[in-house]
Amino acid sequence: MDQSNEQIGSASVSGSFEAKPMNIAATLAICSGGWLVPGLAHVLIGRWIRGLIFAACVLLMFALGLAMHGKLYELEFDQPLHLFAFIANIGTGAPYWIASRLGLGIGTMTWPSYDYGTTYLWVCGLLNYLIVLDAFDIAQGRKP
Amino acid sequence: MIFSHFTALVVFALIVSTVFALITKSEPREQFRYGVFVFFSFLAVAFVVGWIMYPLPL
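Residues numbered from 1 in each chain as written. Chains lettered and ligands numbered in written order. Predicted model: local features only at pLDDT ≥ 70, side-chain atom pairs only at ≥ 80, totals over all residues. Heavy atoms only, no water.

Novice: Tell me about the overall build of chain B, and please be specific about residues and values.
Specialist: For chain B, the helix and strand inventory stands at two helices and zero strands. Classification of the 58 residues of chain B by burial places 29% in the buried group. Split by element, the accessible area of chain B, about 4,100 Å² in all, is 75% carbon and sulfur. (Helix = DSSP H or I, 4+ residues; strand = E, 2+ residues; numbered from the N terminus. Buried < 20%, exposed > 50% of the residue type's maximum accessible area, 1.4 Å probe, protein only. Areas by Shrake-Rupley, 256 points an atom, 1.4 Å probe, with all protein chains shown as cover.)

Written out as structure tokens, the structure reads:
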């Protein structure tokens, strides 16, 4: 892991950041891992603490969304607008597929916190997209 | 699990502000300050929008 840190970049004596981008294939592999398992991309590039905090945030939000009887959307071509909800939902990665397999995320519209739960499920997926993009920028040496 | 509106808002703001702070800032001090700013901004905007909507016949 230290080696990958060294590959990515290091702070110079003057304090400016010297970026050494990883090759694009490795970056994409890391980002794919980060999409499937929230926070994994940052862990793989050596940002342990940041990765664990991201993982905790996304997974907590996902769990709370399910606990509040939110709905996980599936790909339905007869309802085109549901595509956006589906794209937001699959941003969570593996937890989405696992929850779907377990029959969770059906969504109980009569439940008082249904709307909040559904929003939580959307937003945790969208946050994970941002987290993956952050990992991409770090791996490409665009930010420290 | 049933959260009150306010609790759901606070938890939402807390998680989102944490992620935003870590993504946008690199120094721990800056991250903390920006995270606190975003968190209270979420709450403030929710209160303001709530009061604006209060007289509306919805």
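Novice: Please provide a residue-by-residue account of the packing of helix α2 (residues 24-36) of chain A against helix α7 (residues 114-139) of chain A, values included.
Specialist: All names here are of chain A. Close contact between α2 and α7 brings their axes to 9 Å; oriented N to C, the two are set at 155 degrees. Judged on the interaxial angle alone, α7 and α2 are roughly antiparallel. Remark: the crossing between α2 and α7 carries right-handed chirality. Along the contact surface, α2 presents I24, T27, L28, C31, G34 and W35, while α7 presents N128, Y129, V132, F136 and A139. When grouped by side-chain class, the residues that make up the contact of α2 with α7 number eight nonpolar, three polar and no charged. (Axes fitted to C-alpha atoms, helices over the stretch in contact; angles between N-to-C directions. Parallel < 35°, antiparallel > 145°, perpendicular 65-115°, else oblique. Left-handed = near helix turned anticlockwise from the far one by under 90°. Contact = heavy atoms within 4.5 Å. Nonpolar A, V, L, I, M, F, W, Y, C, P; charged D, E, K, R; others polar.)

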